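Chain by chain, the residues run as shown.
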Protein chains: 2
Amino acid sequence: MAVTIKDVSAKCGLSISTVSKAFNNYSDISAETRELVHRTAREIGYYPNAIARTLKTNRSYNLGVLYSDDGQNGLTHSFFAQVLDSFKSECEKHGYDITFINHNVGWTGMTYLEHCRYRNVDGVCMVCADFYSTEVSELATSDIPCVTIDHAFNNRSCVMSENLQGVQQLVRYAYDKGHRKIAFVHGQRSSVTENRITGYYRALNELELTPRSDYLVSALYDSPTSGYQAMLQLMKLPEPPTCVLMPDDHSALGALEAAAELKLRVPEDVSIAGYDGIRLGQMLHPKLTTIKQDTKRMGMQAALYLIDRIENPRTAVSEVGCIPTKLIPGESIAQVKG
Amino acid sequence: MAVTIKDVSAKCGLSISTVSKAFNNYSDISAETRELVHRTAREIGYYPNAIARTLKTNRSYNLGVLYSDDGQNGLTHSFFAQVLDSFKSECEKHGYDITFINHNVGWTGMTYLEHCRYRNVDGVCMVCADFYSTEVSELATSDIPCVTIDHAFNNRSCVMSENLQGVQQLVRYAYDKGHRKIAFVHGQRSSVTENRITGYYRALNELELTPRSDYLVSALYDSPTSGYQAMLQLMKLPEPPTCVLMPDDHSALGALEAAAELKLRVPEDVSIAGYDGIRLGQMLHPKLTTIKQDTKRMGMQAALYLIDRIENPRTAVSEVGCIPTKLIPGESIAQVKG
DNA sequence: ATTTTCGCCTAAACCGGTTTCGATGTTGAG
DNA sequence: CTCAACATCGAAACCGGTTTAGGCGAAAAT
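Let us look at the structure shown here. Since we're looking at a predicted model, the values are computed, not measured.

1. Considering the overall build of chain A
Here comes step 1: Helices and strands together make up the secondary structure of chain A, namely twelve helices and twelve strands.
Here comes step 2: Across its three principal directions, the C-alpha atoms of chain A cover 85 × 35 × 35 Å.
Here comes step 3: Relative to its full complement of 338 residues, chain A shows a buried share of 55%.
Here comes step 4: As displayed, chain A has an accessible area near 14900 Å², and 51% of this comes from carbon and sulfur atoms.
Here comes step 5: Taken as two groups, the 34 positive and 38 negative side-chain charges of chain A have centres that lie 4 Å from each other.

Here you go:
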């Protein structure tokens, strides 16, 4: 059914090798022949088959994307979806397709690394994965080029959102608005969380506020329910905070819900901030104060790093890209009188 | 680097063919030999390479996913993301990976069909695509098994959300709440839109309400801005509707915004409904009245249909699956006094 | 004892390309 | 006129599997 290199070679009256060389711009093919081959190929709709090419060259022009699908929401996760979307379009510009790497395929479970070899991916990008698992680090330390997002492995390229600075900026913003009792709700253990907590403490320190252990609360990312509970917990304190920084916008929605239930007006009675800058945050009343991550640039940068490592294995060094965040003032942090 | 069938055959002292056959459960391999092969494979971590297998068998265990990435938000589109997520996990259960099909890869543009052949996908699922384009229908009428979601091609399997019934149900709900001036805002031209408009008219007809052309407004899917404008347009009418049905939840958010700007309370002054049932709709005040589409089941069903066509090319017939929707009452449609 | 049948395994072709190496004809230098 | 250099092209090996056709020894049938 599909048209192969044989069809082209037959139609041109040339050998298969010559056609292949013409397509790969070998220097020992005359300009006319090359032209003839290309014209004929276009005529009969020939494209070299990726599978066959891969088998011989071991270059699939296929990149793996690894994320933890164990969590309830994989592709639905808005941060991940945005990064992925951008990563994907950059890859396509360079002629790469993408494939999801997982360990639940059909048979007896393959590991991530095995899945990568099974599909001959040229490289792999890891986002929102469980970076502490042995399976992930096995892949990270393998010979397969890889880039990580929001986590740094030794000697591997990575793209980091400036989480530390982001939270710092947010705390300062709250401080400038007159808040002194600023609580921080953090997500699950991860590099991101660690950086954000560090940012929180660093900001408090800078502003000469004494950290209180009851103002540091644990919750889950992307979970309104969990955010709801964290908010309740904080508001029940004998001395509740006047401003609460949530792990992300979705959990902030849970916090807003909790505030509403407690008959607390936002931001008059209590201030709340999110993180991520999802579109819907700006459609709320009050508009959500939040930190916008530049997901578009993160995905693009990751793709560029990865492709660079693949196409220039010698010269390419592992790079670390820091992508700046941006504070979106919104209206959910109120000005407090001194 | 990677371990191949040769390594297994060498270690077992068997020929390559025997190893291959042992792996593919050929009957002319003794139980002991088969056992030996499998054990050795497990020991040295061998998995048959998908690329090599595909080349010979023309079965890639790879499925294409086609969606229109021309729109601004591809993977970010919440309906699409949900369907895809479910489709993907069902595929993985059956040992299939997925690849995105597009026509922007590297070179001179391949068509969708060419991309499918280029990657040897076993089948392709089309969602949120431009079903009216020649390129898409070329693929749909090719010999590659395919399944569509929310659009029916002749003689091809498809999964349809019950859009007609969904809208009908929504109109009836509004009617039962006392509304008589019910406007319908629809999205871009597509089967979905056509079905929904039909559902709208059919419901009006059933309820003996006379349709008014000024109550049928055009907007865009997934666009708060567009929803905002549509809402303004409707509210400026000399005789504005008391209830507005929006194309989806996101555009409903735009409509809510417009209402707020016009100092209209929802639902006291005007009622608004969405479509899709996104999580955030239920976190608003008032909670959004909407129709929940069973995206999970849609994705799963599509995968099952597609895999069935692939694995049983003889017996499989094109099937049409209708996935029921569910009304989520919410609070954004008010009871109106007769 | 000879032939048939069977059970088990291997050799080799093949999938659709890429790439090495050599063949051929042409040209330029000596 | 001879020989080297160059420009073009093709034959064949190869990538890692699958699959067909056939080989070989042992058991069963004649």
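After that view, the rundown keeps rolling.
2. Some details on the pairing of strand β2 (residues 97-101) of chain B
Residues and elements named next belong to chain B.
Here comes step 1: Along β2, five of the five residues are buried, which leaves the element largely enclosed by surrounding structure.
Here comes step 2: Pairing between strand β1 (residues 62-66) and β2: five bridges, direction parallel. Residue G64 lies in a different strand from β2, and its bridge partner there is T99.

3. Concerning the interface of chain A and chain B
Here comes step 1: Contacts between the two partners involve 60 residues from chain A and, on the opposite side, 60 residues from chain B.
Here comes step 2: Taken as a group, Y47, I51 and R119 of chain A account for 14% of the area that chain A buries against chain B, more than any other trio of residues on that side.
Here comes step 3: The tally of links between chain A and chain B comes to four salt bridges.
Here comes step 4: Here chain A and chain B share 24 residue pairs in polar contact (both at pLDDT 80 or more) between them.
Here comes step 5: Elements that contribute at least two residues to the side of chain A that touches chain B include exactly α4 (50-57), α5 (78-93), β2 (97-101), α6 (112-119) and α11 (249-261) of chain A.
Here comes step 6: Looking at which element gives the most residues to the side of chain A that touches chain B, the answer is α5 of chain A, with seven residues.
Here comes step 7: Its residues placed into classes, the side of chain A that touches chain B shows 26 nonpolar, 20 polar and 14 charged.

4. Describing the environment of D150 of chain B
Residue and element names in this part refer to chain B.
Here comes step 1: Inspection of the secondary structure assignment puts D150 in the loop between β4 (146-149) and β5 (157-161).
Here comes step 2: Sequence separation between D150 and G321 is 171 residues; the distance between their C-alpha atoms is 9.9 Å.
Here comes step 3: Beyond its immediate sequence surroundings of up to four residues, D150 is in contact with F79, V159, M160, S161, N163, S191, V192, Q293 and M298.
Here comes step 4: Here the side chain of D150 touches S161 through a polar contact of 3.1 Å, landing on its backbone nitrogen.

5. Structural notes on the nonpolar core
Here comes step 1: Of all hydrophobic cores here, the largest spans 95 residues; its most connected members are V171, M231 and I272 of chain A together with V171, M231, L234 and I272 of chain B.
Here comes step 2: Residue contacts for L234 of chain B: discarding those within four places in its chain leaves A183, V185, D214, Y215, V217, P240, P241 and V244 of chain B.
Here comes step 3: With 52 residues, the next largest nonpolar core counts I98 of chain A together with F79, V127 and V159 of chain B among its residues.

6. What to know about the relation of the copies chain A and chain B
Here comes step 1: Of the transformation superimposing chain A on chain B, the axial component is 0.1 Å and the angular component is 180 degrees, with the fit at an RMSD of 0.1 Å. The superposition operator between the copies reduces to a two-fold rotation axis.
Here comes step 2: Of the residues that chain A buries at the interface, 100% are likewise interface residues in chain B, meaning the two copies contact each other through the same surface.

7. Quick word on the protein's contact with DNA strand C
Here comes step 1: I5 and S20 of chain A together with T18, D28 and T33 of chain B are the nearest of the 28 residues found near DNA strand C.
Here comes step 2: Taking all atoms of DNA strand C within 4 Å of the protein, the share assigned to sugar and phosphate is 59%.
Here comes step 3: The backbone of A52 of chain A places a nitrogen or oxygen atom 3.3 Å from a base nitrogen of DNA strand C.
Here comes step 4: S30 of chain B places a polar main-chain atom, nitrogen or oxygen, 3.0 Å from a phosphate oxygen of DNA strand C.
Here comes step 5: Of all the secondary structure elements, the ones that give two or more residues to the surface near DNA strand C are α1 (5-12), α2 (16-23) and α4 of chain A together with α2 (16-23) and α4 (50-57) of chain B.
Here comes step 6: Residue contributions to the surface near DNA strand C peak at five residues, all from α4 of chain A.
Here comes step 7: Here the residues of the surface near DNA strand C sort into ten nonpolar, eleven polar and seven charged.

8. Observations concerning the sheet that holds strand β9 (residues 271-273) of chain B
Residues and elements named next belong to chain B.
Here comes step 1: Taken in spatial order, the four strands line up as β7-β6-β8-β9 in an open sheet, and their pairing is parallel. For this open sheet the edge positions go to β7 (216-218) and β9, each flanked by a neighbour on one side alone. Direction aside, the axes of adjacent strands within the sheet are offset by 20 degrees on average.
Here comes step 2: Packed onto the sheet, helix α9 (residues 191-206) meets β6 (182-186) and β7 and runs at close to 170 degrees relative to β6.

9. Let's talk about the protein's contact with DNA strand D
Here comes step 1: Around DNA strand D, the surrounding shell holds 29 residues, and the nearest of these are T18, K21 and T33 of chain A together with I5 and S20 of chain B.
Here comes step 2: The contact atoms of DNA strand D, taken as those within 4 Å of the protein, divide so that sugar and phosphate hold 58%.
Here comes step 3: In the environment of DNA strand D, a phosphate oxygen lies 2.9 Å from a nitrogen or oxygen atom belonging to the side chain of Y26 of chain B.
Here comes step 4: Mapped by element, the contributors of at least two residues to the surface near DNA strand D are α2 and α4 of chain A together with α1 (5-12), α2 and α4 of chain B.
Here comes step 5: In terms of residue count, α4 of chain B provides more of the surface near DNA strand D than any other element does, five residues in total.

10. Section: the sheet that holds strand β9 (residues 271-273) of chain A
Residues and elements named next belong to chain A.
Here comes step 1: Read from one edge to the other, the open sheet built from four strands follows the order β7-β6-β8-β9, with strand pairing classed as parallel. Of all strands in the sheet, those bounded by a partner on one side alone are β7 (216-218) and β9. Within this sheet the neighbouring strands show an average axis-to-axis angle of 20 degrees, counted without direction.
Here comes step 2: Bridge count between strand β6 (residues 182-186) and β7: three bridges; the pairing is parallel. Across the sheet, F184 pairs through a bridge with L216, a residue of β7.

Rules used in this analysis
- Residue numbering note: each chain is counted from 1, following its sequence as written.
- Think of it this way: whatever chain is written first is A, whatever ligand is written first is 1, and the rest follow in order.
- Only residues with pLDDT of at least 70 are given local features in this predicted model, and only at 80 or more are side-chain atom pairs given and counted; all residues enter the totals for whole chains, interfaces and linings.
- Water and hydrogen atoms were dropped before computing side-chain values, which therefore reflect all heavy atoms in the structure.
- Secondary structure elements follow DSSP: runs of H or I no shorter than four residues count as helices, runs of E no shorter than two count as strands, and numbering proceeds from the N terminus.
- Partly exposed residues are those whose accessible area sits between 20% and 50% of the maximum for their type, while under 20% is buried and over 50% is exposed, using a 1.4 Å probe and protein chains only.
- The method behind every accessible area is Shrake-Rupley, applied with a 1.4 Å probe, and residues are considered shielded solely by the protein chains displayed.
- Neither His nor the chain termini are counted; the positive set is Lys and Arg, and the negative set is Asp and Glu.
- Think of each charge as sitting on NZ of Lys, CZ of Arg, CG of Asp or CD of Glu.
- A pair of strands counts as paired when DSSP detects no fewer than two bridges linking them.
- Residue contacts are defined here by distance: any two heavy atoms, one from each residue, within 4.5 Å place the two residues in contact.
- Buried area is calculated as the accessible area (1.4 Å probe) missing from two parts once they are joined, with the contributions of both summed.
- For this analysis, a salt bridge means a side-chain nitrogen from Lys or Arg found within 4 Å of a carboxyl oxygen belonging to Asp or Glu.
- Any pair of nitrogen or oxygen atoms within 3.5 Å is treated as a polar contact; in protein, a donor-acceptor pairing is required on top of that, and neighbouring residues in sequence qualify only through side-chain atoms on both sides.
- Gly is placed with the polar residues, together with every amino acid not listed as nonpolar (Ala, Val, Leu, Ile, Met, Phe, Trp, Tyr, Cys and Pro) or charged (Asp, Glu, Lys and Arg).
- To define a nonpolar core, start from buried Ala, Val, Leu, Ile, Met, Phe, Trp, Tyr and Cys residues and group those joined through side-chain atoms within 4.5 Å.
- Least squares is used to superpose the copies, and the fit set is the C-alpha atoms of residues whose pLDDT is at least 70 in both copies.
- Any residue with a non-hydrogen atom lying within 4 Å of a molecule or strand is treated as near it.
- Axes, fitted as lines to C-alpha atoms, cover a helix only where it is in contact. Angles between the N-to-C directions of the axes lie from 0 to 180 degrees.

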